Amino acid sequence: MEVKSIPTFPPYVTLGVFLALLPLTLIASVRFKDRMTLFLIAAIWLRYLMSAFHEYTFPPVVIGLSLNALASVAVIGIAFVIADWRLFGLKGLAGIYLVIIVLMFSSIINGGAEAIGSLAKWGYLAVLTIMAYGALRRHGSKALFQALLTVFLAPLTLQVLSVLMGIGKESESDGSICFIGGYNHEGAFSILILTFLYCACFLEPNRPKLALACIPIALAALLLANYRTTILAAVPVLVAVIFFGTIRRFSPRDRPVVVIVVALAGAIVLYAAGLAMQERFSDLWTVLSNAGNLIKPPEYYTDEEADLLSGRLTLWSRFITAYLNGSITNLAIGFGPESWRQISPMYAHNSFVSAPYEAGVFGLVSMVLLFAWNFKLALKAIWHRRPLIIAAHVGFLVLNLATMGFWQIEGNVLLSLTLAYTLYAQAPRQVLGSDLQWKVSVGSGGDY
């Protein structure tokens, strides 16, 4: 097997796969006549295409911004033109707006020009959430997520090609192989696959057979991508869709027995999966069992401790120590967005560690409030979708504990669809056919 540090395909292969499968996305989108829905699908498809050409789209080209960052800025600009401006008043966006305000304030105080890239990511998250919510409100979850499934066909095909050709990337943790279809890093690619899994799970109440066909594909793709954090993040939504999806299809009289059977079967499967992947996750159990002894400055870590969790413990310790040793101003508003390069060649790989370093205590509080707000919205979802939506937010939280979903546009795509679906599932509703459609008034700018 050929093992490369960054596996890539020739440009004509990558572009050929995307263009060959593009007609399927166009066919799936032909039913949509509104600009917001078409723009949403096009923006996600374009992002996955540009990420596959990381040799060209990742390096900075203008004022320190990469082609990917410039594309994000363009998406934001176009969204302001075509979006219904009243949707910017969604209360569901309050947490995102709070983080943007804090980052802008930190950037002004610290004078960081690199804040443009960071703010662009958060702006991208906000406008994509608006676009996704508008699309859901107009077409329903069944139509939208069916169409979105097609944008993942090209990345999945590239991953299959990487497996067939034996082109993999060594994992940073234990040297195992990650098949990521020519993308730059297993973290970003696995979040892309996790988004595919979420879309399939959001379809389950309306298209259970299609969801059942897609979920094993997504799970296999996650295992081939071999990124531990994303595999763990997938567990809550998988458990929710299988457990609650199963019991929902039985009569109330039979459900107590079904719950017991499904719970026992699920426990056995999880136990077997844990045994099968015990070696891959062994250092996680080591960290959890010795957490108290591993909280210390980076210089006190032994070589063995420094290798745990792919070096994340020492990385987190470096950021936390640098933050605590900062000035009063730094403690309050941090060192500025994207300032992580001052102390490390790698970003913090934990949103709750990065937030105080970049934006101080206000940044940490805003990050906590963002997740708390999202969970509050999830708890308001209609009852038969609530467990799945809560599980989706739990999975995104897990993702941000060992990587940074907000730092990667792929993660922002994932959260935008999740948050839009969360808002959609608590709106005033009218049952039409097999899905829920809502007639709403957007004049109030409130929670629809």
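The structure this text deals with has already been given above.
To keep things clear, this report deals only with the structure shown in the data block. The structure displayed is predicted, hence computed values, not measured ones. (Residues numbered from 1 in each chain as written. Predicted model: local features only at pLDDT ≥ 70, side-chain atom pairs only at ≥ 80, totals over all residues. Heavy atoms only, no water.)

## Focus: the pattern of salt bridges
For the structure on display, the rule yields six salt bridges. The salt bridge partner of Asp-34 is Arg-138, with a shortest N-O separation of 3.7 Å. Remark: Arg-138 occurs in helix 6 (residues 115-149) and Asp-34 occurs in the loop between helix 1 (11-29) and helix 2 (35-52); sequence separation between them is 104 residues. Judged by relative accessible area, Asp-34 falls into the buried class, the value being 10%. (Salt bridge = Lys/Arg side-chain N within 4 Å of Asp/Glu carboxyl O. Helix = DSSP H or I, 4+ residues; strand = E, 2+ residues; numbered from the N terminus. Buried < 20%, exposed > 50% of the residue type's maximum accessible area, 1.4 Å probe, protein only.)

## Some words on the nonpolar core
Counting 108 residues, the largest nonpolar core has Phe-18, Ile-44, Tyr-48, Ile-96, Trp-122, Leu-197 and Phe-406 as its most contacted members. Ranked by the residues each element gives to this core, the list is headed by helix 6, at 19 residues. The residues contacting Ile-44, other than those within four sequence positions of it, are Leu-128, Leu-148, Val-151, Val-413 and Leu-417. By size, the runner-up hydrophobic cluster in this structure holds 13 residues, among which are Trp-316, Phe-319, Phe-335 and Met-404. (Core = buried A, V, L, I, M, F, W, Y, C linked by side-chain atoms within 4.5 Å. Contact = heavy atoms within 4.5 Å.)

## Considering the side chain of Asn-412
Positionally, Asn-412 belongs in helix 18 (residues 409-424). Of the residues examined, Asn-412 reaches a relative accessible area of 1% and is grouped as buried. A polar contact of 3.2 Å, which involves the side chain of Asn-412, links it to the backbone oxygen of Lys-121. A polar contact of 3.5 Å, which involves the side chain of Asn-412, links it to the backbone oxygen of Phe-406. Contact partners of Asn-412, with chain neighbours within four places excluded, come to Lys-121, Tyr-124, Leu-125, Gly-405 and Phe-406. (Polar contact = N/O pair within 3.5 Å; in protein donor to acceptor, adjacent residues only side chain to side chain.)

## Remarks on the side chain of Thr-230
Looking at the element boundaries, Thr-230 is found in helix 10 (residues 228-247). Note on Thr-230: relative accessible area 0%, which makes it buried. Apart from the residues within four sequence positions on either side, Thr-230 is in contact with Gly-187, Ser-190, Ile-191, Leu-194, Leu-222 and Leu-399.

## Quick word on helix 2
Look at helix 2: 26 Å from first C-alpha to last across 18 residues, which is about the 26 Å you get at 1.5 Å a residue. Within helix 2, 14 of the 18 residues are buried, which leaves it mostly tucked inside the rest of the structure. (Expected span 1.5 Å × (residues − 1).)

## Some points on the packing of helix 14 (residues 312-324) against helix 16 (residues 351-379)
The N-to-C vectors of helix 14 and helix 16 enclose an angle of 20°; their axes lie 9 Å apart at closest approach. Considering their axes alone, helix 14 and helix 16 lie roughly parallel with respect to each other. Between helix 14 and helix 16 lies a crossing of left-handed hand. On helix 16, the residues touching Trp-316, Phe-319, Ile-320, Ala-322 and Tyr-323 of helix 14 are Val-353, Pro-356, Tyr-357, Gly-360 and Val-361. Looking at the contact of helix 14 with helix 16 residue by residue, the classes come out as nine nonpolar, one polar and no charged. (Axes fitted to C-alpha atoms, helices over the stretch in contact; angles between N-to-C directions. Parallel < 35°, antiparallel > 145°, perpendicular 65-115°, else oblique. Left-handed = near helix turned anticlockwise from the far one by under 90°. Nonpolar A, V, L, I, M, F, W, Y, C, P; charged D, E, K, R; others polar.)

## Some thoughts on the packing of helix 5 (residues 94-110) against helix 6
Close contact between helix 5 and helix 6 brings their axes to 10 Å; oriented N to C, the two are set at 165°. Between helix 5 and helix 6, the angle falls in the class roughly antiparallel. In this structure, the crossing between helix 5 and helix 6 has a hand that is left-handed. Packed against helix 5, whose contacting residues are Ile-96, Tyr-97, Val-99, Ile-100, Leu-103, Met-104 and Ser-107, the element helix 6 presents Ala-115, Ser-118, Leu-119, Trp-122, Gly-123, Leu-125, Ala-126, Thr-129 and Ile-130 at the interface. Taken together, the residues that form the contact of helix 5 with helix 6 break down as 12 nonpolar, four polar and no charged.

Geometry only, nothing functional implied.
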